[in-house]
Amino acid sequence: MDGAGIIKGMIETARNFAGSYHDEARLTTVQYPEEKLAPVENARTIPFLVYDGAEALPGLRCTACMICEKECPPQCIYIVKDTVKKPDFVGKMQMQPKVFDIDISVCMSCGICVEVCPFDAIKMDQVFELSTGDRFGGLLLNKTQLAKPNDYFNKLHKTEAAEIDLRRVEEKQKAEAAAAAKAAAPAKPPMAPPPAP
Amino acid sequence: MNGLDQIFVGTGHWIAGLFPVYVQPLISAALEIAIMMAVFGGCFALTSVVERKLLGRMQNRYGPNRVGPFGLLQPLADGIKMLTKEDIVPFSADKTVHFLAPLALSVPIWLAFAVLPFGRNMSAIDLDAGILFFFAIGSASELAVFMAGWSSQNKYSLVGAMRAIAQMISYEVPLVLSTVPVLMLAGSLSLNEIVAAQGTYTLGGLARWNVFTPWGLAGLLLFLIAATAESNRSPFDLPEGESEIIAGFLTEYSGFKYALFFLSEYLGLFAITGLAVTLFLGGWHAPFRWLEWVPSWLWFAGKFCALIFLFVWIRATLPRLRLDQLLNFSWRFLVPLSLINILVAVAWYWSGSWKSPVALPVRWVLCAALVALPYHWLAQSLRGTLPPPRKYTYAE
Amino acid sequence: METLEQLKTRIVAAAPGAQVEIIPNGSPANQPSLLLDRDHARAVAQFLRDDSALAFDYASNATGVDWPEKIIKEKIKVKKTVDGVEKEVEEMCERKTPAYLEAVYHLYSMRLKHGPLIVRLRTENRTDRVSLPSLTPVWRSCEFQEREIFDLYGIVFEGHPDLRRILMWPEFTDFPMRKDYVEADDYEYEPTPHDDILAKAKKHFPAGAPV
Amino acid sequence: MATASPTELAASAPPSQIMEVAMGPQHPSTHGVFRMDVSLDGETVVKLKPVFGYLHRNHEKIAEKCSYLGSIPYTDRLDYICSLTNNWAYAMTVEKLAGLVPPERAEYIRVILSELTRLINHSALAGFLLQDMGALGTPLMYAFREREKILDLFESLTGARMMCNYMRFGGCRCDLPPGWIEQVRRLVSDFPKFLDEFEALLTGNEILQARTEGVGVLPAPLAVNAGVTGPMLRASGVNYDIRKVDQYGVYGRFQFRVPLGERGDVFDRYMIRILEMRESLKILEQALRDIPGGPIMDPKAKLRNLRPKAGEAYGRIEGPKGELGFYLISDGGPNPYRYRVRPPSLINLTVLEDMCLGQTIADVVVILGSIDIVLGEVDR
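1. Focus on the overall build of chain A
Per the secondary structure count, chain A includes 7 helices and 8 strands. Against the 2.2 N^0.38 benchmark of 16 Å for 197 residues, chain A shows a C-alpha radius of gyration of 26 Å, more extended than a compact globule. With the C-alpha coordinates aligned to their principal axes, the bounding extent of chain A is approximately 100 × 40 × 30 Å. Per-residue burial for chain A yields a buried fraction of 41% across its 197 residues. Put simply, of all contacts in chain A between residues at least 6 apart along the chain, 68% involve residues at least 24 apart. In chain A, which carries 24 positive and 27 negative side-chain charges, the distance between the mean positions of the two groups comes to 7 Å.

Structure, rendered in structure tokens:
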């Protein structure tokens with residue numbers, strides 16, 4: 001029959017029309033401001049700096065090694081090293097950034113800075129309501145705006161954060177064991193190599 | 001039953017009664033015009049949002065639901081947007097024709113509602129040649145569409161206007177021809193008589209609507225197909241083929257002129273749907289005898305909304321035809337089929353005098369076959385020799 | 001598909017007078033290529049496509065490459081008489097590599113399902129004589145790609161049906177993909193300028209970078 | 001309507017009647033910023049010249065300034081509907097250049113992700129093709145409803161829905177989150193239901209058949225000579241699928257078939273994509289069944305300043321739009337000396353004029369829709 005294809009198509013739209021009232025799979029709209037999609041653990045929008053402890057700036061993990069600035073494809077990170085050093089979580093004196101700006105209008109949220117950072121200092125955030133009227137300064141985040149506590153990082157990326165914290169705790173213990181061994185070592189002749197970690 | 005059914009007519013008379021006698025006809029006419037424009041203006045607003053909600057629901061989404069409860073104030077928002085939008089007139093456009101086109105299109109459409117019987121003695125004017133008047137008004141829209149297309153001095157508008165002319169003229173013919181059987185068997189051109197002819201009920205209580213006869217069913221389908229083409233709706237929306245020629249003759253219109261085109265497209269749709277209901281679906285008659293108590297104008301509204309849903313349903317499903325296919329479809333399929341439909345009506349009328357109890361089903365089968373066979377042959381000739389069904393070989 | 005050496009002999013046999021040279025490829029992908037000379041290129045291409053054993057009927061990729069002049073410091077053994085004694089001495093000397101523009105074609109066979117055969121054509125130099133025979137008459141897939149090479153590198157393809165710029169606007173005069181292309185000075189303010197963007201920023205705001 | 005030769009058409013209409021129309025760059029159905037200078041005699045196309053370059057940002061010059069790792073996120077922006085197949089083509093070429101071998105698990109993950117991308121691309125194409133034909137939104141919405149499920153899977157694995165930046169030379173960036181394989185299995189099991197629904201809505205539709213049969217016929221020899229690849233080539237009946245020819249990655253281990261068309265018109269191109277989606281589902285089932293455990297990154301691969309030996313490599317994959325190839329020349333430095341993308345969309349457009357001559361405007365739009373171009377890849 002010649003009209004059969006058209007009628008089959010009409011039945012299809014009718015099924016979807018009826019389905020949209022009872023079948024949840026046939027009405028997929030999420031009403032954004034009222035309903036929100038569940039956050040996805042691996043999601044990434046713009047980077048943020050992680051800091052340990054209570055205050056933000058001294059606790060920053062970043063040691064201004066400028067690797068992320070070199071590797072960032074659109075070059076949206078701008079770092080100026082600080083002259084004053086500060087102890088890191090293991091106690092070793094480390095550099096710190098005086099200026100750490102990220103221009104989030106240029107950043108394409110690719111996550112390469114997170115991959116290449118050897119100190120787990122920069123991680124990907126999941127906030128996406130970033131629209132602002134100010135075209136120049138508004139999207140340039142400086143060090144204080146970027147810094148976020150470690151437990152915020154744990155809340156976002158649970159598994160990754162857990163591994164990193166575990167690793168840092170081990171390193172801390174190893175460093176203390178090494179320091180203790182060094183403190184005990186002067187009793188023996190100084191030449192003895194510290195016990196293998 | 002009589003009170004609720006005649007509620008509008010009664011109040012109309014009562015209001016007219018308040019005025020001195022010599023001015024009463026003027027007042028009642030003005031009242032009718034005001035009510036009709038209010039009802040169908042509101043129906044335009046409602047349909048524009050309900051259509052978008054229905055389309056949305058067919059496409060697994062909600063449709064507008066932010067402005068007002070369930071999005072019902074959306075037409076208000078659209079109206080305000082249309083009024084406040086800048087009305088851009090192209091520099092090289094023919095200003096006067098460009099300005100007059102939307103008026104020339106929307107003014108005649110209002111006249112078409114004068115003859116439609118919305119309920120028991122609720123038709124504004126009871127013209128003897130109601131249908132003739134309706135089709136005369138309906139054919140005024142081609143000129144306006146071409147004025148719009150030509151005056152915009154835009155290549156896409158010109159192509160759209162040429163398409164509109166070809167389409168509307170070639171679909172006017174099957175539209176009129178498909179109503180001929182109804183007129184023949186009702187014996188009159190007046191819409192009220194046609195509705196009255198469908199007023200009686202069979203033994204089982206089923207109404208004698210034209211659609212329950214083979215020629216009536218075929219006639220309704222032909223009429224609806226031609227009606228979608230006349231009002232430039234989905235499978236035939238070539239004059240404003242969005243994806244090909246941007247918006248056809250509407251390309252250079254913005255602001256309130258665009259709203260006028262939008263309004264007249266919907267009014268054309270309402271008028272043609274009203275006519276389809278009157279001719280084939282028994283106007284304001286109830287489908288069964290024991291449902292007579294429901295007010296007549298409610299039946300008219302119910303059938304009207306059913307057909308509007310059908311139009312939206314078609315718009316959600318079907319892609320667009322190409323211009324040559326469109327014209328072939330009309331001249332080589334619809335027109336011959338509507339002529340054959342007239343023969344079927346004659347056969348039905350002639351075989352009406354058979355007395356044997358089994359006459360009705362036999363007549364039905366006979367007349368249905370008289371329509372179905374040419375339908376198949378014409379579709380065959382329309383598509384040309386059927387290409388062999390496609391087989392897809394699979395390489396390992 | 002035979003090895004390149006057999007191919008070379010067959011090509012020279014099929015197109016008399018064609019010089020064919022095999023260019024080795026250093027990467028582990030070991031895709032060596034054939035360097036053809038300019039005036040026999042079209043004939044060799046015709047042969048590659050029409051020969052039943054080869055049947056390279058599909059030119060997948062046409063690429064332009066810019067080889068500017070490079071100065072190579074090399075240690076070469078030079079016989080020099082050092083205080084009277086004939087001795088081999090290593091000496092640093094610079095050698096200029098010839099500068100040319102190159103068009104590289106990757107050919108495959110859809111019928112026999114083999115490839116890639118990589119064919120290279122080189123222009124005489126990078127300044128005035130930059131014309132190459134177009135292979136579009138042989139493989140139509142090179143039409144847009146040769147237009148792109150002309151647009152971005154400046155190699156003029158003779159015999160191309162419709163050689164005009166494909167990506168840049170017609171009034172653009174320079175060739176952006178060449179190594180010595182200097183960008184137009186359309187500097188836009190960027191809040192975090194560093195490296196070459198910082199240099200541009202300093203040029204635009206001499207009072208100091210807008211940090 | 002027989003396809004009249006261009007000279008015959010041009011001669012027939014006196015020049016004054018020929019109407020020059022620029023379809024694009026702002027046109028509802030050019031799939032991006034793309035212009036066609038069409039000269040019309042009435043509604044029949046007499047001449048058609050495509051014009052590109054509106055989205056040209058010289059991706060190759062940027063890649064020459066970036067390191068090998070840095071230009072991976074840029075490959076997402078080439079064909080922005082199928083970012084994962086772009087990543088794979090680039091990663092595979094760098095692996096050829098630097099001699100890296102990704103582990104088994106990474107190869108299986110790559111096959112799964114690229115077949116999911118093929119599902120997205122083909123269903124979106126069918127939706128856009130019907131949108132060009134006038135079915136406003138319905139097929140497109142059904143296709144996008146399925147696409148959303150796949151994009152959610154990508155987001156939970158790679159972090160982004162469209163700009164995945166997931167594959168690295170030597171393997172993948174991170175391992176599958178728990179339960180991901182299960183979600184993919186569920187999606188693959190109920191995708192055929194969507195396909196049947198889609199075919200019921202469209203394939204039998206008389207208007208669709210009328211609009212696509214005999215429109216934009218591409219003969220096989222012209223297709224091969226013009227370098228057309230992908231579903232468009234197979235719709236003309238040429239058996240050339242790079243997954244079968246090169247058997248790159250682990251495609252050699254999967255049993256799947258390659259559908260070939262008969263007449264090479266728009267309907268064949270539409271049907272081939274629907275049939276290819278069904279084949280992709282078969283591959284996905286097999287890949288999900290025997291995906292091994294183990295590492296996902298080649299230990300030898302050094303992400304940061306990778307300096308492959310001087311040399312060149314050309315790697316190609318069967319992208320959803322055709323053969324997507326990358327040609328890298330390295331001079332030993334951290335940045336590639338020459339970085340070239342072989343764009344299937346651009347080369348498939350070579351035959352646009354040949355297919356459109358003698359057809360009407362409405363057909364030009366449908367033919368362009370059936371070629372399936374994405375301007376990010378055409379203009380680079």
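Structure's up, so let's keep going.
2. A closer look at a nonpolar patch on the surface
Together, Trp350(B), Trp354(B), Val358(B), Val362(B) and Leu366(B) make up an exposed nonpolar region whose accessible area comes to about 500 Å². Its location among the elements puts Trp354(B) in the loop between α14 (323-350) and α15 (359-383).

3. Some remarks on the interface of chain D and chain C
The interface of chain D with chain C comprises 48 residues on the first partner and 48 residues on the second. For the pair chain D and chain C, the summed buried area comes to about 3800 Å², and 54% of that belongs to carbon and sulfur atoms. Where chain D meets chain C, there are 5 salt bridges. Arg140(C) is the partner of Asp354(D) in a salt bridge, and the nearest nitrogen-oxygen pair spans 3.0 Å.

4. Regarding the pattern of salt bridges
All told, the structure shown has 73 salt bridges over all chains when counted by the stated rule. Note that Arg105(D) is salt-bridged to Asp175(D), the shortest N-O span being 3.1 Å. Pair noted here: Arg105(D) is in helix α5 (residues 104-133) and Asp175(D) is in the loop between β5 (171-172) and α7 (180-202), with a separation of 70 residues, a long-range link. Judged by its relative accessible area of 33%, Asp175(D) falls in the partly exposed class. When the shortest N-O distance is used, the salt bridge between Arg161(D) and Glu148(D) registers 2.5 Å. Taken together, the residues span a long stretch of sequence, with Arg161(D) in the loop between α6 (138-158) and β4 (167-168) and Glu148(D) in helix α6 at a distance of 13 residues. The exposure class assigned to Arg161(D) is partly exposed, which follows from its relative accessible area of 29%. Each of the salt bridges in this network shares a partner with another, and the network as a whole consists of Asp23(A), Arg26(A), Arg145(D), Glu146(D), Lys149(D) and Glu197(D).

5. Remarks on empty space enclosed by the protein
Here the idea is plain: a probe the size of a water molecule rolls over the atoms and shows the empty space left. Residue and element names in this part refer to chain B. Taken as a whole and assessed by the stated rule, the structure comprises 9 cavities of 30 Å³ or more. The space that makes up the largest cavity amounts to roughly 330 Å³. What lines the largest cavity is a set of 24 residues, and nearest its centre among them are Ile109, Ser141, Glu230, Ser231 and Gly268. Contributions of two or more residues to the lining of the largest cavity are made by α5 (95-112), α6 (130-138), α7 (141-151), α8 (155-186) and α12 (256-280). Top contributing element to the lining of the largest cavity by residue count: α12, with 7 residues. Within the lining of the largest cavity, the residues separate by chemical class into 14 nonpolar, 6 polar and 4 charged.

6. Some words on the domain arrangement of chain B
Residue and element names in this part refer to chain B. Under the domain assignment used here, chain B contains domain 1 (1-84) and domain 2 (89-323). For domain 1 and domain 2, the distance between their C-alpha centres works out to 18 Å. With both chains or domains summed, domain 1 and domain 2 bury close to 2400 Å², and 79% of this area falls on carbon and sulfur atoms. Contact with domain 2 buries area across many residues of domain 1, yet Phe40, Phe44 and Met82 alone supply 26% of it, more than any other trio. The partner of Arg120 in a salt bridge is Asp5, and the shortest N-O contact between them spans 2.5 Å. Counting every contact that joins domain 1 to domain 2 gives 8 residue pairs in polar contact (both at pLDDT 80 or more). For the side of domain 1 that touches domain 2, the element with the highest residue contribution is helix α3 (residues 24-58), accounting for 13 residues. Here the residues of the side of domain 1 that touches domain 2 are counted per class, giving 15 nonpolar, 4 polar and 3 charged.

7. What about the sheet that holds strand β7 (residues 140-141) of chain A?
All names here are of chain A. Ordered in space as β2-β5-β7, the 3 strands form an open sheet in which the pairing is antiparallel. If you trace the sheet from one side to the other, it starts and ends with β2 (77-81) and β7, each paired once. Pairing analysis gives 2 bridges linking strand β5 (residues 97-103) to β7, with the strands arranged antiparallel. Paired with Ile102 across the bridge in β7 is Leu141.

8. Details of the interface of chain D and chain B
Tallying the contact residues gives 55 residues for chain D and 37 residues for chain B. In total, about 3800 Å² of surface goes out of reach between chain D and chain B, with carbon and sulfur atoms giving 54% of it. It is Glu43(D), Leu136(D) and Ile207(D) that lose the most area in chain D upon contact with chain B, and together they represent 15% of the buried surface on that side. Counting the contacts that link chain D with chain B gives 3 salt bridges. As a salt-bridge pair, Arg211(D) and Glu244(B) come within 3.4 Å of each other at their nearest N and O atoms. Taken together, the links from chain D to chain B amount to 17 residue pairs in polar contact (both at pLDDT 80 or more). Contributing elements (two or more residues each) for the side of chain D that touches chain B: β1 (18-23), α5, α6, α8 (206-212), β6 (258-260), α12 (266-289) and α15 (361-371) of chain D. Considering every element that reaches the side of chain D that touches chain B, the biggest residue donor is α12(D), with 6 residues. A per-class count over the side of chain D that touches chain B returns 28 nonpolar, 13 polar and 14 charged. For strand β1 (residues 393-395) of chain B and β6(D), the ladder comprises 3 bridges, and the chain directions are antiparallel.

9. Comments concerning unusual backbone geometry
The residue after Gly24(D), namely Pro25(D), is reached through a cis peptide bond having omega -20 degrees. By the element assignment, Pro25(D) lies in the loop between β1 and β2 (35-41). In this model, Ala55(C) sits at a positive phi of 50 degrees, which is unusual for a non-glycine residue. For Ala55(C), the location among the structural elements is in the loop between α2 (41-50) and β3 (58-67). Look at Ala55(C) and you get buried, because its relative accessible area is 1%.

10. Focus on the packing of aromatic side chains
Residues and elements named next belong to chain B. The full count for this structure, using the stated rule, is 53 aromatic pairs over all chains. A centroid spacing of 6.3 Å and a plane angle of 70 degrees characterise the contact between Phe40 and Phe304, whose relative ring orientation is edge-to-face. With Phe40 in helix α3 and Phe304 in helix α13 (residues 296-317), this residue pair connects regions lying 264 residues apart in the sequence. Neither Phe40 nor Phe304 differs from the other in exposure class; each is buried. By way of ring pairs, the aromatic residues Phe40, Phe44, Trp110, Phe113, Phe118, Tyr258, Phe262, Tyr266, Phe270, Phe300 and Phe304 are connected into one cluster.

11. Some details on the sheet that holds strand β6 (residues 122-124) of chain A
Residues and elements named next belong to chain A. Read across the open sheet, the 3 strands follow the order β6-β1-β8; overall the sheet is mixed. Taken across any chain shown, the strands that pair with only one partner, and hence form the sheet edges, are β6 and β8 (147-149). Direction aside, neighbouring strands of the sheet carry axes that sit 50 degrees apart on average. By the bridge criterion, 3 bridges tie strand β1 (residues 47-51) to β6 in an arrangement that is antiparallel. Across the sheet, the residue bridging to Leu49 is Ile122, located in β6.

Rules and cut-offs
- Residues numbered from 1 in each chain as written.
- Chains lettered and ligands numbered in written order.
- Predicted model: local features only at pLDDT ≥ 70, side-chain atom pairs only at ≥ 80, totals over all residues.
- Heavy atoms only, no water.
- Helix = DSSP H or I, 4+ residues; strand = E, 2+ residues; numbered from the N terminus.
- Rg over C-alpha atoms; globule rule 2.2 N^0.38 Å.
- Buried < 20%, exposed > 50% of the residue type's maximum accessible area, 1.4 Å probe, protein only.
- Contact = heavy atoms within 4.5 Å.
- Lys, Arg positive; Asp, Glu negative; His and termini not counted.
- Charge placed at Lys NZ, Arg CZ, Asp CG, Glu CD.
- Patch = residues over 30% accessible without salt bridge, like charges linked within 9 Å, V, L, I, M, F, W, Y side chains within 5 Å.
- Areas by Shrake-Rupley, 256 points an atom, 1.4 Å probe, with all protein chains shown as cover.
- Salt bridge = Lys/Arg side-chain N within 4 Å of Asp/Glu carboxyl O.
- Buried area = accessible area lost by both parts, 1.4 Å probe.
- 1 Å grid on protein atoms, 1.4 Å probe; cavity = no way out; pocket = protein on both sides within 12 Å on 5 of 7 lines; lining within 4 Å.
- Points joined across faces, edges and corners; volume = space filled by probe spheres on them.
- Nonpolar A, V, L, I, M, F, W, Y, C, P; charged D, E, K, R; others polar.
- Domains from an automatic or database assignment.
- Polar contact = N/O pair within 3.5 Å; in protein donor to acceptor, adjacent residues only side chain to side chain.
- Pairing = 2+ DSSP bridges.
- Phe/Tyr/Trp six-rings, centres within 6.5 Å; stacked < 30°, edge-to-face > 60°.
- Axes fitted to C-alpha atoms, helices over the stretch in contact; angles between N-to-C directions.

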